[in-house]
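Spelled out from the first residue to the last, the chains are:
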Amino acid sequence: EFYIFKKFNGKNGENMNNFFKNLYPLTKFYLVLTLVISGFIIPYTIYGYLLFVICGIFVFLYGKLGIYVKRAFLSLFLLTLVIFLAQSLLFVSDEVFAKIWIFVIYKKGLLKAIAVTSKLWAIITPITLLILITPAKDFITALEKINPKMAFILLLTLQMIPEMGKQASVILDSQRSRGVETEGNVFVRFKALLPVFIPLVLGSIVNTEERAITLEARGFSIGEKRTILDELKETKNDKIIKMILVIFLILCIAWRILWVLK
């Protein structure tokens with residue numbers, strides 16, 4: 001994938017790669033937010049699916065197209081298929097779209113499925129784009145300049161699930177060493193959840209208290225201006241991108257108004 005990307009774009013591809021990497025993290029966030037909002041403003045449902053292609057172009061220029069396809073398309077495809085089957089077959093209406101063996105696909109349910117999945121793709125694909133092109137560390141650093149408390153909450157949320165997963169694995173190993181059965185049929189695994197769940201919850205509470213004490217010891221709530229080790233600054237490219245995003249949103253709103261008045 002990288003070889004094809006480099007051969008196709010050459011120096012221009014490297015320049016575009018560096019262009020996206022050097023963008024300010026919050027500029028990338030505004031880009032993604034604009035794409036999500038446009039998915040709900042633009043009246044045509046096909047635009048939600050087109051956002052997968054649009055975000056794919058950005059990821060391709062960044063050099064992570066393969067990861068994007070695996071994360072966005074493969075995960076959304078199965079969910080989209082389930083929604084289409086559920087809405088088309090179970091949403092009963094007078095107008096029948098098609099009959100396949102014993103299954104009846106209703107037109108109203110099919111249109112509802114298209115509308116729902118279109119909005120789903122309009123949300124998931126830009127968020128996947130943000131995750132791939134924006135390192136979490138840089139995003140938290142940029143957000144800390146605006147609101148340190150919000151940055152801490154977001155960082156804590158991002159770290160909570162992986163840390164709880166590691167802690168649950170440690171608790172499971174310790175329970176196995178004490179003779180508790182944790183593998184087998186569904187009932188055995190369900191029975192093993194209780195001796196894992198209680199220490200996990202108590203451990204999370206203790207960790208939260210320790211974090212609060214540590215933050216207070218470091219003057220988190222003192223209210224003074226902080227110095228940042230890795231300074232991130234906005235460039236002219238960020239200002240240009242923001243102007244383009246504002247113009248794009250204005251055009252989307254105008255398009256929506258004209259469509260309603262038509």
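Basis of the calculations
- Residues numbered from 1 in each chain as written.
- Predicted model: local features only at pLDDT ≥ 70, side-chain atom pairs only at ≥ 80, totals over all residues.
- Heavy atoms only, no water.
- Axes fitted to C-alpha atoms, helices over the stretch in contact; angles between N-to-C directions.
- Helix = DSSP H or I, 4+ residues; strand = E, 2+ residues; numbered from the N terminus.
- Parallel < 35°, antiparallel > 145°, perpendicular 65-115°, else oblique.
- Left-handed = near helix turned anticlockwise from the far one by under 90°.
- Contact = heavy atoms within 4.5 Å.
- Nonpolar A, V, L, I, M, F, W, Y, C, P; charged D, E, K, R; others polar.
- Core = buried A, V, L, I, M, F, W, Y, C linked by side-chain atoms within 4.5 Å.
- Buried < 20%, exposed > 50% of the residue type's maximum accessible area, 1.4 Å probe, protein only.
- Expected span 1.5 Å × (residues − 1).
- pLDDT = per-residue confidence, 0-100.
- 1 Å grid on protein atoms, 1.4 Å probe; cavity = no way out; pocket = protein on both sides within 12 Å on 5 of 7 lines; lining within 4 Å.
- Points joined across faces, edges and corners; volume = space filled by probe spheres on them.

## Things to note about the packing of helix H3 (residues 46-62) against helix H5 (residues 107-133)
The packing of two helices is summarised by the inter-axis angle and the distance between the axes.
1) Next: At their nearest, the axes of H3 and H5 sit 7 Å apart, and the two run at 15° to each other. The angle between the axes of H3 and H5 places the two elements in the roughly parallel class. For the pair H3 and H5, the crossing hand works out as left-handed. Residues Gly-48, Tyr-49, Leu-51, Phe-52, Cys-55, Phe-58, Val-59 and Tyr-62 of H3 touch H5, and the partners they reach there are Ala-113, Ile-114, Thr-117, Ser-118, Trp-121, Ala-122, Thr-125, Pro-126, Leu-129, Leu-132 and Ile-133.
2) Next: Residues of the contact of H3 with H5, tallied by class, amount to 15 nonpolar, four polar and no charged.

## Points about the side chain of Thr-134
1) Next: Of note, Thr-134 is situated in the loop between H5 and helix H6 (136-146).
2) Next: Residues within four places of Thr-134 in sequence aside, it is in contact with Pro-25, Lys-28 and Phe-139.

## What to know about the nonpolar core
1) Next: With 27 residues, the main nonpolar core has Leu-35, Tyr-68 and Leu-129 as its most contacted residues.
2) Next: For this core, the element with the highest residue contribution is H3, accounting for seven residues.
3) Next: Setting aside residues up to four positions removed in sequence, Leu-129 forms contacts with Val-32, Leu-35, Cys-55, Phe-58 and Val-59.
4) Next: One finds Tyr-24, Phe-139, Ile-140 and Leu-143 within the second-largest nonpolar core, a separate group that totals seven residues.

## Details of helix H2 (residues 25-41)
1) Next: Taking 1.5 Å as the rise per residue, H2 with 17 residues should run 24 Å; its terminal C-alpha atoms sit 24 Å apart, in good agreement.
2) Next: Residues Pro-25, Leu-26, Thr-27, Lys-28, Leu-31, Val-32, Thr-34, Leu-35, Val-36, Ser-38, Gly-39 and Ile-41 constitute the buried set of H2.

## Considering the confidence of the model for the protein chain
1) Next: Summarising the model, the protein chain shows a mean pLDDT of 77, and 77% of its residues fall at 70 or more.
2) Next: Low pLDDT, under 50, characterises residues 1-10; the stretch is placed with 12 contacts to residues that sit more than four places away or in other chains.

## Some thoughts on the layout of surface pockets
1) Next: Size it by volume and the second largest pocket reaches roughly 220 Å³.
2) Next: Around the second largest pocket, the lining residues are Phe-20, Leu-31, Thr-34, Leu-35, Tyr-47, Ile-54, Phe-58, Ile-241, Ile-244, Leu-245 and Phe-248.
3) Next: Looking at the lining of the second largest pocket, the elements with two or more residues in it are H2, H3 and helix H10 (236-261).
4) Next: Considering every element that reaches the lining of the second largest pocket, the biggest residue donor is H10, with four residues.

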